[in-house]
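# Fold and contact review
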There are 2 protein chains.
Amino acid sequence: MRFSKLSSAIAITSASAQKFPDCVNGPLANNTVCDTTADPYTRATALVSLFTLAEKINNTGNTSPGVPRIGLPAYEWWNEALHGLAFGASWGASGNNFSYSTSFPQPILMGAAFDDELIHNVASQISTEARAFSNANRFGLNYWTPNINPYKDPRWGRGQETPGEDPFHISSYVNALVAGFQGGLDDLPYKKGVATCKHFAGYDLEESGGVQRYGFDAKISFQDLRDYYLPSFQQCARDSNVQSVMCSYNAVNGVPTCADEWLLQSLLREHWGWTDEDQWITGDCRAIQNIWDSHHYTSTPEQAAADALNAGTDLDCGTFWPTYLGSAYNQSLYNISTLDRSLIRRYASLVRLGYFDPASVQPYRQLSWSDVSSPVAQKLALQSAEDGIVLLKNDGFLPLSSNITNLALIGPWVNATTQMQGNYYGQAPYLRSPLVAAQNAGFNVTYVQGADIDSTSTAGFTAAITAAEKADVVIYIGGIDDSIEDEAKDRTTISWPATQLSLINQLSNLSTPLIISQMGCMIDSSSLLTNPGINALIWAGYPGQDGGTAIFNILTGKSAPAGRLPITQYPSNYVNQVSMTDMNVKPGENNPGRTYKWYNGTPVFEFGFGLQYTTFNATIISPSPNAFEISDLLSNASTYKDLTPFLTLPVRVSNTGSTKSDYVLLLFLTGSFGPTPYPKKSLVAYTRIHDVAAGKTANSELKLNLASLARGNENGDLVLYPGDYKVVVDIDGKDEWGFALNGKEMVLDSWPEKPKLG
Amino acid sequence: MRFSKLSSAIAITSASAQKFPDCVNGPLANNTVCDTTADPYTRATALVSLFTLAEKINNTGNTSPGVPRIGLPAYEWWNEALHGLAFGASWGASGNNFSYSTSFPQPILMGAAFDDELIHNVASQISTEARAFSNANRFGLNYWTPNINPYKDPRWGRGQETPGEDPFHISSYVNALVAGFQGGLDDLPYKKGVATCKHFAGYDLEESGGVQRYGFDAKISFQDLRDYYLPSFQQCARDSNVQSVMCSYNAVNGVPTCADEWLLQSLLREHWGWTDEDQWITGDCRAIQNIWDSHHYTSTPEQAAADALNAGTDLDCGTFWPTYLGSAYNQSLYNISTLDRSLIRRYASLVRLGYFDPASVQPYRQLSWSDVSSPVAQKLALQSAEDGIVLLKNDGFLPLSSNITNLALIGPWVNATTQMQGNYYGQAPYLRSPLVAAQNAGFNVTYVQGADIDSTSTAGFTAAITAAEKADVVIYIGGIDDSIEDEAKDRTTISWPATQLSLINQLSNLSTPLIISQMGCMIDSSSLLTNPGINALIWAGYPGQDGGTAIFNILTGKSAPAGRLPITQYPSNYVNQVSMTDMNVKPGENNPGRTYKWYNGTPVFEFGFGLQYTTFNATIISPSPNAFEISDLLSNASTYKDLTPFLTLPVRVSNTGSTKSDYVLLLFLTGSFGPTPYPKKSLVAYTRIHDVAAGKTANSELKLNLASLARGNENGDLVLYPGDYKVVVDIDGKDEWGFALNGKEMVLDSWPEKPKLG
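Quick caveat: nothing in here was measured; it's all calculated off a predicted structure. (Residues numbered from 1 in each chain as written. Chains lettered and ligands numbered in written order. Predicted model: local features only at pLDDT ≥ 70, side-chain atom pairs only at ≥ 80, totals over all residues. Heavy atoms only, no water.)

The next thing to look at is the overall build of chain A. Along its length, chain A carries 23 helices and 27 strands. In chain A, which comprises 758 residues, the proportion classed as buried is 65%. Pairs at least 24 apart in sequence give 77% of the contacts found in chain A among residues at least 6 apart. Per element, the accessible surface of chain A, about 24,400 Å² overall, is 47% carbon and sulfur. Averaged over its 50 positive side-chain charges, chain A has a centre that lies 4 Å from the centre of its 72 negative ones. (Helix = DSSP H or I, 4+ residues; strand = E, 2+ residues; numbered from the N terminus. Buried < 20%, exposed > 50% of the residue type's maximum accessible area, 1.4 Å probe, protein only. Contact = heavy atoms within 4.5 Å. Areas by Shrake-Rupley, 256 points an atom, 1.4 Å probe, with all protein chains shown as cover. Lys, Arg positive; Asp, Glu negative; His and termini not counted. Charge placed at Lys NZ, Arg CZ, Asp CG, Glu CD.)

Set out below in structure tokens:
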């Protein structure tokens, strides 16, 4: 063996590391792929031209073996970075370099911060750490992140991976995220990383009533696709220029998405102009195989393999393509140029990442272990949890008075470690539980778990009650976690786990004040809201590596809460009113409507809800015209008409209370325009204003464009309709401004026609 | 993404995991390689027949990409398991499963135990843990272990990886080790693991005076090859049936070993009968390339690639083969059948490991995380360190009296962590330093490092002296470590680092008793031996995960020391008397001779030295005849004549002191027979007798065969010579038995003729 002379990287990385090709002394040195003056397409084409047919086919799966004989190393395309490095990372041994990386909160909590700049900073830090790991051959250059399917049903086990239920919010979030992941287009010739917007499209069900995601055919109207399911993908591909998209397990209206030429080719590539040679589509893991064995869309595996390739999929996560593209080729089910195109796209993407270029000239190649979990990153992880936490109820007991010293901490999240990370998590530098954080904050703490997440055992109740009686205040930290909601695990109930609720009720009957921190995604907390024995309620989701600290910084007032719910909290009975498989967002038979836009019942807490330790007022500086001719609005239209600016709305925000605080400024649109029924309202702009001192005023501007006003029609066209419009500040209507659009309705965007099936 | 339905392994392993092929549903299911009734050769041949030429060439490097299109996964051949899992292991995140495995002492310390059963148990545990990791796709099935080059010069940086300097000792050790690694041949159709005896042959130099191992041409006489450099390899391949051998960086007598057809084909394969289709040879990492670029043995890389293949090397650790075997083939430098043979051997080896067979029928495939670092394994790691520790000096102060409570621990090894593991180490479950162990043993400890391993700083002396003055006893724990001796790092001095020795001398002038634990490999401790201010001296090498505990168990007498030096401790001046590059073991010009067999000076401590806390006597029950006709001895010879039994020598061992103790029974042969000069003596048998109570006697039997008596002649023949022989018990001659061989000398083994070079 020989360590020291080969390279230091070999000595510290696992055997199957993510290595870079040697364009100096390797066999590729004289190939055009190593010519930094050539363009990515030319370079990738030169590389792929060296492959034999068998080598091409061998490199169609996520674990691409490369072509050792020409010096092309293996490359693992499957890397995860949902809220920090996860699957795909080769971790160093404990105590060594690369043994951890920053673990941010789950997107559902970061979404609650409603702060695009925060998201950009988080994504930028994640991709910095990804590059540091990559430079040590411990991670790839692309990641199958973010998950931008709108979280329309609280039962969905993967809702935690998303920023929430609202398509505008997700779009704005993903725009910040992709820029952070991929790096600025303007500063460098190299991409920092490759993000993958997933799962395209209509995927938001794991398993419900025997229906599995692998074979589920999502029936979605064109109108709902336009208004709800596709905006985040349009933003990601067309407007945020993501490098990669993942097609999903499910079918949409009869066609498995990875075989859907209309979705992948006509809409995504041609209509959205997502046609750079280095942009590529991966199938979800085993999704291509599912075309055949779950959807039964083809009668042979070869046909499924070829259909996906011909439809525009470029990579198979799995081994189905390497296995069947050979026989599919022998059956003349695809042209070799189509296979080449898929390879060229992916290797061109690696070219854009500097994979074949000298490390010395690439700033991102200089990132190292010292850039991982830096003090700034650690602070950002804490801040992103604090900023997302939502104050749902407060009788004035919060923030905790400084004379409180004895805490009883009760509940199955008090001593949380990886629980705080949710799913798709990696190795954190530390996991500061609420228990540790309370001790660090100087409290005298008695900890009793009291109840499990979801068992019927009441064995811990007595100890919990005893501890509670002796304390100055009880802080109950519980709710749900990944044992209840996760990938491949949809919920069937959205109630509080019964034993936990029973313990909370008993605690609420004591004279000791009681505060609840609800963890995980939404569960019906209506009884906590109305129970006068509960002084305060916060929601802290999955708060990541420093979650305990974040919770206690909020409870003690070290940080002021300003997060807003990015999802509706429905009453428990909601799950009986609509099926998980019903993709309609508008109310109808056996469907009370979905999200704050359409739900016709009374939510427990509505989308956008969130209190502060202070009060805010907001006033719109009303623009002078309040009527607009539609034709005028389009007289100077942008290339994509929906992106044509409408106006910028100045809003003045005043802190009318006595505590410095952030304020999340939400702007909703409502009115009577377009097809009936009308949505109750739609979020059209938001911003988070930081650190408004008590008694002070801050001015903000919210930009609206024509897409803010438009709606989809039955064909899926995006249309600007005449009618009466009103923008409303915040969920309690702090101010509003009405205006009218006059003239004839005008189509802003029309999709290519979808071929009729069968 | 999809975790739960694919397999649980995917969710927990890194992206480029060591996966098994799917012989049930995968594309290979109907190939003969998946037919468990066929023999390994037939199965591997059927597999390789599916490869295209390019795929064959792609799979000639250590990181084999497999052939995804036929469902053959990637396989990483480079796995290390020197004294526990190391490079190649994919570790779980800290706190999770598979985040560590048992880390035993370095072989040099385990060798000092002179206990083959212990070595078997250690190797068996390592391969159990390797299988557990493999079953979780975290490790390969073969490992490039053991290192069995005899450790003939104390400067060699990798001597720590070997069991010592004596060829018989190494042979006996490796026999136990290989059986432990590979599993019993009799119990299962499957190999447990594949061991790799390395580095074949004549490799024991990293870098000396500008000569680097990569291009070093070791000039070795046939006699020395026979008597010193090759016995461990003959044992490993011919007699212990190892599955894999590694050729080395260096050349032997002008031919780089990986291109040496005589070594690899004529000797190893044909002469030693190492011809199973599943036995294979790997080159050391980049050794094949070195044939061309360091040895300049060929003028083109293609010729070097082909030479190694044609000589019988089957795998390239590196990417040289994948890069150049294509153009070499185009130049007709080898036949395709030769390439096929190399692939078939390796895949047949995987067949023998059950790689292609259902997991359910394979006991080794059932091993799991619960089999890693079990209580038994943890105890074994501690025992193997205790059993190796050698007591070098003791004025009666050891074991420590029970009324000692205040310890001053001084030295750069007191707070050792990974230092205790030496090189090629993995993640240990814990690393109990001497400091921790002393505290666990209930001592009141003051720790002052006092001196670095090798700096000139004396800044810590004052604090060390102060602490020493206040203590009941000073325990100094220091010496050398991997910062001084390691792979690619030979020493140039074998003295104590000067600053440490200076501190020890100052401590020895105090009235506080002083004990030294010397760590790392041998350094000249002659001044410690003669210094009356030093009460006791032990050598503890690199004692592994529980090294601190082992040291304190010895010092306190909880365990009684019985280890023996497996290497000669030379005086410092030795390094000036002979060059590292001089391969002659016999004395000559500028060479005082090597090892206890030939060194003509006075060692500081000789090979086999080691005290106990008690005294032993040993008597040979002399066999009745003491003269033998050589022709009679061979009248009923074994297939390999040298393995013909000679006799079994009964030895009675008595513990004549007052402390229960193990006793290492060493039997040396001396006499006047064969070519002159005669070696001083040669170890021919040993055993470790456990737990002999004070005043008790134990009977042992030592087996001798004709190889025990034979010597090499100038041609490298192994010859039984007439002459006067004597076996001697222990280094102090506790008993001896003389006998004569009469008649005509007889050749026991004659090597195939080596072709004359150019």
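A few words on the pairing of strand β22 (residues 697-705) of chain A. All names here are of chain A. Side chains of β22 alternate between two faces, with Ala698, Ser700, Leu702 and Leu704 buried and Thr697, Asn699, Glu701, Lys703 and Asn705 left unburied. Note: strand β19 (residues 645-655) against β22, nine bridges, orientation antiparallel. When the sheet's bridge partners are listed, Val653 is paired in β22 with Ala698. (Pairing = 2+ DSSP bridges.)

Given a rise of 1.5 Å per residue, 14 residues ought to cover 20 Å, and the 20 Å separating the end C-alpha atoms of helix α14 (residues 375-388) of chain B matches this to within 8%. For α14(B), every residue scored as buried is listed here: B:Ala377, B:Leu380, B:Ala381, B:Leu382, B:Ser384, B:Ala385, B:Glu386, B:Asp387 and B:Gly388. (Expected span 1.5 Å × (residues − 1).)

Under the local residue numbering, the UniProt record ascribes the feature "domain: Fibronectin type III-like" (unreviewed entry) to residues 663-733 of chain A. As annotated, residues 663-733 of chain A comprises 6% helix and 61% strand, and the C-alpha atoms at either end are separated by 15 Å. (UniProt positions renumbered as here; feature names shortened; annotations may be inferred.)

All right, on to the sheet that holds strand β22 (residues 697-705) of chain B then. Whether parallel or antiparallel, the strands of a sheet pair through hydrogen bonds between backbone atoms. All names here are of chain B. Within the open sheet, the three strands sit side by side as β17-β19-β22. Their pairing is antiparallel. The outermost strands of the open sheet, each flanked by one partner alone, are β17 (616-620) and β22. Across the sheet, the mean angle separating the axes of adjacent strands is 25 degrees when strand polarity is ignored. (Axes fitted to C-alpha atoms, helices over the stretch in contact; angles between N-to-C directions.)

Moving on, we get to the packing of aromatic side chains. Counted according to the given criterion, the structure contains 94 aromatic pairs over all chains. The interplanar angle of 90 degrees and the centroid separation of 5.0 Å between the aromatic rings of A:Tyr355 and A:Phe356 together place this pair among those described as edge-to-face. Each member of the pair A:Tyr355 and A:Phe356 is classed as buried. Where B:Phe616 meets B:Tyr663, the ring centres are 4.6 Å apart and the plane angle is 35 degrees; that geometry is what we call tilted. (Phe/Tyr/Trp six-rings, centres within 6.5 Å; stacked < 30°, edge-to-face > 60°.)

Residue and element names in this part refer to chain A. Axis separation between helix α5 (residues 116-135) and helix α14 (residues 375-388) bottoms out at 11 Å; the angle between their running directions is 145 degrees. When you trace α5 past α14, the crossing you get is left-handed. Of α14, the residues touching α5 (which contributes Leu118, Asn121, Val122, Gln125 and Glu129) are Ala377, Leu380, Gln383, Ser384 and Asp387. Taken together, the residues of the contact of α5 with α14 sort by class into four nonpolar, four polar and two charged. (Left-handed = near helix turned anticlockwise from the far one by under 90°. Nonpolar A, V, L, I, M, F, W, Y, C, P; charged D, E, K, R; others polar.)

The subject of this paragraph is the pattern of salt bridges. Overall, the coordinates contain 59 salt bridges over all chains when judged by the stated rule. A salt bridge links A:Lys152 to A:Asp204; the nearest nitrogen and oxygen atoms lie 2.6 Å apart. Here A:Lys152, found in the loop between α5 and α6 (167-182), pairs with A:Asp204, found in the loop between β3 (196-200) and β4 (207-208); they are 52 residues apart in sequence, far enough to count as distant. Between B:Asp314 and B:Arg345 there is a salt bridge; the shortest N-O distance is 2.7 Å. (Salt bridge = Lys/Arg side-chain N within 4 Å of Asp/Glu carboxyl O.)

The next point concerns helix α6 (residues 167-182) of chain B. In an α-helix, one turn spans 3.6 residues; hence positions three or four apart end up facing the same way. Its 16 residues give α6(B) an end-to-end C-alpha distance of 22 Å, which sits within 8% of 22 Å, the value for a rise of 1.5 Å per residue. If you check the start of α6(B), you find a side-chain oxygen 3.0 Å away from the backbone N of B:Phe168, and it comes from B:Asp166. (Polar contact = N/O pair within 3.5 Å; in protein donor to acceptor, adjacent residues only side chain to side chain.)

All names here are of chain B. The contact between α6 and helix α8 (residues 231-239) brings their axes to 8 Å, and the two run at 25 degrees. Our classification of the angle between α6 and α8 gives roughly parallel. For the pair α6 and α8, the sense of crossing is right-handed. Here Pro167, Ile170, Ser171, Val174, Asn175 and Val178 of α6 come into contact with α8, specifically with Pro231, Ser232, Gln235 and Cys236. Partitioned by chemical class, the residues of the contact of α6 with α8 number six nonpolar, four polar and no charged. (Parallel < 35°, antiparallel > 145°, perpendicular 65-115°, else oblique.)

Residue and element names in this part refer to chain A. Per-residue confidence for chain A gives a mean pLDDT of 95, with 97% of residues at or over 70. Note that residues 1-15 has pLDDT below 50 and, in this model, 52 contacts with residues that lie over four places away or in other chains. Reported confidences for the modelled complex are a pTM of 0.83 and an ipTM of 0.70. (pLDDT = per-residue confidence, 0-100.)

Below, the discussion takes up the domain arrangement of chain A. Residue and element names in this part refer to chain A. Along its sequence, chain A is carved into domain 1 (32-371), domain 2 (388-576) and domain 3 (616-749). Taking only C-alpha atoms into account, the centre of domain 2 sits 36 Å from that of domain 3. Each side of the interface is counted separately: domain 2 has five residues, and domain 3 has eight residues. Both sides of the domain 2 and domain 3 interface together cover about 460 Å² of buried area, and 47% of this is carbon and sulfur. Per-residue buried area on domain 2 facing domain 3 is highest for Ala560, Ala562 and Arg564; these three make up 90% of the total on that side. Across the domain 2-domain 3 interface, the total number found is one salt bridge. One salt bridge connects Asp730 with Arg564, and the closest N-O pair in it is separated by 2.7 Å. In this structure, the connection of domain 2 to domain 3 is made through two residue pairs in polar contact (both at pLDDT 80 or more). (Domains from an automatic or database assignment. Buried area = accessible area lost by both parts, 1.4 Å probe.)

For a regular strand, side chains alternate in direction, first toward one face of the sheet and then toward the other. All names here are of chain B. Taken across its eleven residues, strand β21 (residues 682-692) has eight buried, putting it largely inside the fold. Examined bridge by bridge, strand β20 (residues 661-673) and β21 share eight bridges and lie antiparallel to one another. Looking at the pairing, Leu669 lines up with Ser682 of β21.

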